[in-house]
Amino acid sequence: MFFRQYQLPCLSLYSYLIGDETTGRAVVVDPQRDISPYLDDARANALHIERVIETHFHADFLSGHLELAAATNAVISYGEAAVADFAIDRLSDGQRISLGNVLLEIRHTPGHTPESISIVVWQHADDETPWAVLTGDTLFIGDVGRPDLFAASGLTADAMARTLYRSLHESILVLPDPTRVFPAHGAGSSCGKQLSTAASSTIGEQRATNYALAPMSIDRFVDVVAEGQSVAPRYFPFAATANRRRHELLDDHVPPDALDVDAALAAMRRGAIAIDTRAPEMFASGHLRDAVNVGLDGRFAEYAGDVIRFGQPIVLIADLEHDTEAKVRLARIGFDNIVGNLATIADVLVDRPDLAVTSRRLTAREYATLAIATPHLQVIDVRNPSEQRDGTLPNARTIPLAQLLDRIDELDPRAPTVVYCAGGYRSSIATSLLRSKRFVDVADILGGFSAALAHV
């Protein structure tokens, strides 16, 4: 058996290539949209990818099923409850797929989504114990999939959690303890609340250590799983819908078109958003007026998806070493409408000082002084609810970053405003977004909540 797990840390994504080396037949499970790694490994190991299996319609990234099907003629497979506007091969509960000696067994495990499946992997068809189970977003290492993403579709979190409980206990936990567990996501994913940094585990380890698998009633499970979930990123509904539809195919080797400053400004006047991918400290020292800062060295795509409206044209500001990377990372969540890239921002700011602005970033001591001197200071906490349980700064409004764009009308753009997060990355995004919406006096706090708390 050939088995390889692929890790994409910026989206906390795991995907898989599974093949039978005796026959050369292979499948890819839950692929990321830029498919070069799978094609390269298949070619190097004399494997033919004949099927793409999606454990569900992902909400946190745009999958590479269409790209792989176009490149390899692979069949695209989902569970029986899946409905898409492209050709799919629906897999029934208990269906077995032979790759030769290697055998895959499909188990329907709804709960995170209605169509969710898990894939039991047998290294040899006649083995008594399965080698592994790929659990998608049903079971994570240390957690289970959140059941609350389908409220807008009329499926309540309560009903989905009860379905998830049954899937876990009737289809997953019946597997032998030595069975390896390979999920679709790891720590940092918004598809759960306390995923482990471990990339794999076993059924026995999860039975003993996973809080959601501890002995409890189904009613208790519903309460435990619902408690403390983060605010889902704003782009999730868009990505989940896009995964059901035909869409433009990604070539992950082609850079975005080059823009000069006049073309960039013209696009912005027509409604494009400028995303400056530099680190917050570089952005603060000087940037293009109305640009929004989402640093490429953070969870770039996830947070960019919180500040870009669906379908909105995008002007990238990235150096030539990273422009293709920025394009691909946005494409991974379905944001393809890139006008081009302005790579010469440093030169632009020197040559056109009328376009250059700086950002105000406060030390914790400066914030404490400002808070005393400004009775009507507008303070905004853009952390997630789970972070806010540890406390907030005095008089802070709690608006998680994923909600800021939709709740911006709740704020006074004329009031002096200070934004904070845990460290400074998200607050730089938020303050730049507010400034682009004509907030006149906005700053963020260096070091975030813990630094500021020590001085108030």
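Structure: above.
Residues numbered from 1 in each chain as written. Predicted model: local features only at pLDDT ≥ 70, side-chain atom pairs only at ≥ 80, totals over all residues. Heavy atoms only, no water.

Draft legend 1. Quick look at the pattern of salt bridges. If you walk through the whole model with that rule in mind, you get 27 salt bridges. Measuring nitrogen to oxygen at the nearest pair gives 3.0 Å for the salt bridge that ties Glu-325 to Arg-329. Remark: Arg-329 and Glu-325 occur in helix α10 (residues 323-331); sequence separation between them is four residues, near one turn of the helix. According to the relative accessible area criterion, Glu-325 is partly exposed, its value standing at 33%. Within the structure, one salt-bridge network assembled from shared partners comprises Arg-33, Glu-67 and Asp-336. (Salt bridge = Lys/Arg side-chain N within 4 Å of Asp/Glu carboxyl O. Helix = DSSP H or I, 4+ residues; strand = E, 2+ residues; numbered from the N terminus. Buried < 20%, exposed > 50% of the residue type's maximum accessible area, 1.4 Å probe, protein only.)

Draft legend 2. The sheet that holds strand β18 (residues 314-317), seen in detail. Reading across from one edge, β17-β15-β18-β19 is the order of the four strands in this open sheet, with parallel pairing throughout. In this open sheet, the two strands that pair with only one neighbour each are β17 (292-293) and β19 (338-341). Where strand β15 (residues 273-276) meets β18, four bridges bridge the pair, whose relative direction is parallel. From the neighbouring strand, Ala-274 faces β18, where its bridge partner is Val-315. (Pairing = 2+ DSSP bridges.)

Draft legend 3. Representation of the packing of helix α9 (residues 300-307) against helix α15 (residues 425-436). Where α9 contacts α15, the axes come no closer than 11 Å and their chain directions differ by 25°. Regarding the angle of α9 to α15, the classification is roughly parallel. Handedness of the crossing formed by α9 with α15: right-handed. Here Phe-300, Tyr-303 and Val-307 of α9 lie close against α15, whose contacting residues are Tyr-425, Arg-426, Ile-429 and Leu-433. When the residues that make up the contact of α9 with α15 are grouped by side-chain class, the tally is six nonpolar, no polar and one charged. (Axes fitted to C-alpha atoms, helices over the stretch in contact; angles between N-to-C directions. Parallel < 35°, antiparallel > 145°, perpendicular 65-115°, else oblique. Left-handed = near helix turned anticlockwise from the far one by under 90°. Contact = heavy atoms within 4.5 Å. Nonpolar A, V, L, I, M, F, W, Y, C, P; charged D, E, K, R; others polar.)

Draft legend 4. How the structure looks around the pairing of strand β1 (residues 2-8). Pairing of β1 with strand β2 (residues 13-20), which is carried by seven bridges, proceeds in the antiparallel orientation. Bridging from a neighbouring strand, Gln-7 pairs with Tyr-14 of β2. Between β1 and β2, which follow one another and run antiparallel, lie four residues, and Ser-12 among them has a positive phi close to 55°.

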